[in-house]
Each structure stands twice: as C-alpha cells, then as structure tokens.
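The lines below spell out each chain.
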Amino acid sequence: MGKRIFYFLLTNVLVLLTISIIFSLIGGGNYINAQGGINFGSLLVVSAVIGFTGSFISLWMSRWMAKRMMNVQVLDPNSSLSAAERDIVEKVHRLSRAAGLTHMPEVGIYHSPEVNAFATGPSKKRSLVAVSTGLLQEMDDDAIEGVIAHEVAHIANGDMVTMTLLQGVVNTFVVFLARIAAWVASRFVREEMAPIVHFIAVIVFQIAFSILGSLVVFAYSRHREFHADRGGADLAGKDKMTHALQMLKAYSSRIKGEEQTAISTLKINNRSKASLFSTHPDLDERIRRLSAK
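Just so it is clear, the structure is predicted and the values come from calculations on it, not from any experiment.

Draft legend 1. Up close: the sheet that holds strand 1 (residues 73–74). If you walk across this open sheet you meet the four strands as 1-2-4-3, and the pairing is mixed. Only two strands of the sheet have a single neighbouring strand rather than two, namely strand 1 and strand 3 (117–123). As defined by bridge partners, strand 2 (residues 106–110) adjoins strand 4 (residues 126–132) across five bridges and the pair is classed as parallel. When the bridges of strand 4 are listed, Gly108 appears paired with Ala130.

So, in structure tokens, the structure goes:
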C-alpha cells in the first residue's frame, strides 16, 4: 500500500492510536468488570467515543494536512497572480457557483510532475481545490475544466463529511474488536503480565483492524468517484468531463510502470488498476459509465 494510502486514512490511524493510548493511560472507560470479564455495553460506548472523535479530528485537520503534505501554494484572488493562476481561480469559483456553493473553496497549486488534482476540507465552507503543475502542463483547457468540475462536485456532494461519518463507524468497530482481541490475548499470560500484554495487544490489533477497515472506506471512495464524474459532467459538460478522463487514460498509458507518487484524499487520477486497496475505479469503467449517462 505505502504511498497509495491517502493522508486522511493515515491521519485517522495516527489520531485514533493517540486517543486510544491516552484513554488507556488515564484509565478512561473501564469496560472490564469485577470478575475480569468484558462489559460489552461500556466497551461499545468507549469505542464509539474514541472512533468518532478520531474521525472528526482527522476531518478537521484534513485541509491543513493537505497543504503541508503536498506543499500547496494557495492562490489569493486579491493578490497579483499570473494569467494561468488567475484562470484556475476563476474556473474553480465559476464552477463552485454553478454547483450552488456559497463559500468559494481555497484554490492551490502544488509542484509535481504527476497529472492530478484533489479536493478536501472539513466542510463546504472550508474546502480546498488543488491541482498539480503536471496537470496544467499536460492537459488542455477543456480537460482542466473537467478535472476541476470533478473536484468541485466532491465538495458539493459533501463527500469528505460522509466519509468521516463512515470512518467513525469503522473506527468504532476497530476499537471494539481490538479490545476484545487484546483481552483474549491477555488471558494467555501470567496475571502480573496481563495489563502490559493487553496494552500492547490493543495497539497491534487496532493497527491491523484499521487496515482491514480501510477496505470499506476505499470501496466507498470508488463509489463516490462515479458520482463526482457525473457531477463534473453536469457542471462543465459531459464532453469536457469525458475528454478529461480520456486524457488521463492516455497519460496513464504513457507512464505505465512508473512509481505512483500521489498521496491525496480525493484525487482525480489513480493510475493503477482498481483493486480492494484502490481509492479510484478503473478509468475505462469511469469513461464507460459516464458515456452511458
């Protein structure tokens, strides 16, 4: 997986672990009863609190993390911009108004040879659309507009918030099952070692179950890409959206076999074939579904 795991999931895992460790160290949520068994009701409450807190903190940090990790240069429409930069800002704002957004997303450019773009942010009022320099160099004007329309559609659809709610549910099950598995593991050691084994096992099982739980989030991400393609077609026109996907496919064919370098959350382009760990569907399938619309 490595670089293919986008930063929202990475941030979520780190935040979830941090909250879980702090919770354990301060003795929060005692779900072990007097007989040494598990109080499943209490454990479920603890799991939900940790799980949803972790996902919402990850959402709150998403735009900030995107800027830092991708080294995004935010374009201020009130400052002196080049003609190309101003054109990108105007495209994002025009398409955002067409999508019914009342607060314009921040617009940014990040330096990378990859042909890509992403949208992120904790809400429609605090969102970010960023494009790579590689996309601006490789694509024509119509394709760039199609890509931007796709990203604006992600914001208008509220995909980051919905993903956060889904991640909160996944986190709850991850925390719940990790603690049950850790409790079982602690039964196989001496009584004086049980607390230490339980603490370490919680961390290990939580990481393992988080990886498995990410499959659900990846599947949701692939599903929402089709909706963003349709939304992009509604905003920029079906021809421009289809043209953008076709240019991405042509670009992908040229650089086949090169290392995937993108790490953003809702990127327009995923060069690898779709798999259980893919955040995006296969481009051929996206083009086929959009053409059949």
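Draft legend 2. How the structure looks around the pairing of strand 2. Burial within strand 2 is extensive, with four of its five residues counted as buried. Here two bridges tie strand 1 to strand 2, and the two strands are oriented antiparallel to one another. Across the sheet, Gln73 pairs through a bridge with Ile109, a residue of strand 2.

Draft legend 3. Focus on the packing of helix 8 (residues 238–254) against helix 9 (residues 283–291). One can describe the packing of helix 8 onto helix 9 by two numbers: an axis separation of 10 Å at closest approach and a directional angle of 165°. As far as their axial angle goes, helix 9 and helix 8 are roughly antiparallel. Our pair here, helix 8 against helix 9, has a crossing hand that is left-handed. Contact with helix 8, carried on its side by Lys238, Met241, Thr242, Leu245, Gln246, Leu248, Lys249 and Ser252, involves Leu283, Asp284, Arg286, Ile287, Leu290 and Ser291 of helix 9 and no other residues of that element. Here the residues of the contact of helix 8 with helix 9 sort into six nonpolar, four polar and four charged.

Draft legend 4. Looking closely at a nonpolar patch on the surface. Residues Val184, Phe188, Val189, Met193, Ile196, Phe199, Ile200 and Val204 make up a contiguous nonpolar surface patch of roughly 710 Å² in combined accessible area. By the element assignment, Val204 lies in helix 7 (residues 194–236).

So, how was this worked out
- Residues numbered from 1 in each chain as written.
- Predicted model: local features only at pLDDT ≥ 70, side-chain atom pairs only at ≥ 80, totals over all residues.
- Heavy atoms only, no water.
- Pairing = 2+ DSSP bridges.
- Helix = DSSP H or I, 4+ residues; strand = E, 2+ residues; numbered from the N terminus.
- Buried < 20%, exposed > 50% of the residue type's maximum accessible area, 1.4 Å probe, protein only.
- Axes fitted to C-alpha atoms, helices over the stretch in contact; angles between N-to-C directions.
- Parallel < 35°, antiparallel > 145°, perpendicular 65-115°, else oblique.
- Left-handed = near helix turned anticlockwise from the far one by under 90°.
- Contact = heavy atoms within 4.5 Å.
- Nonpolar A, V, L, I, M, F, W, Y, C, P; charged D, E, K, R; others polar.
- Patch = residues over 30% accessible without salt bridge, like charges linked within 9 Å, V, L, I, M, F, W, Y side chains within 5 Å.
- Areas by Shrake-Rupley, 256 points an atom, 1.4 Å probe, with all protein chains shown as cover.
- Salt bridge = Lys/Arg side-chain N within 4 Å of Asp/Glu carboxyl O.

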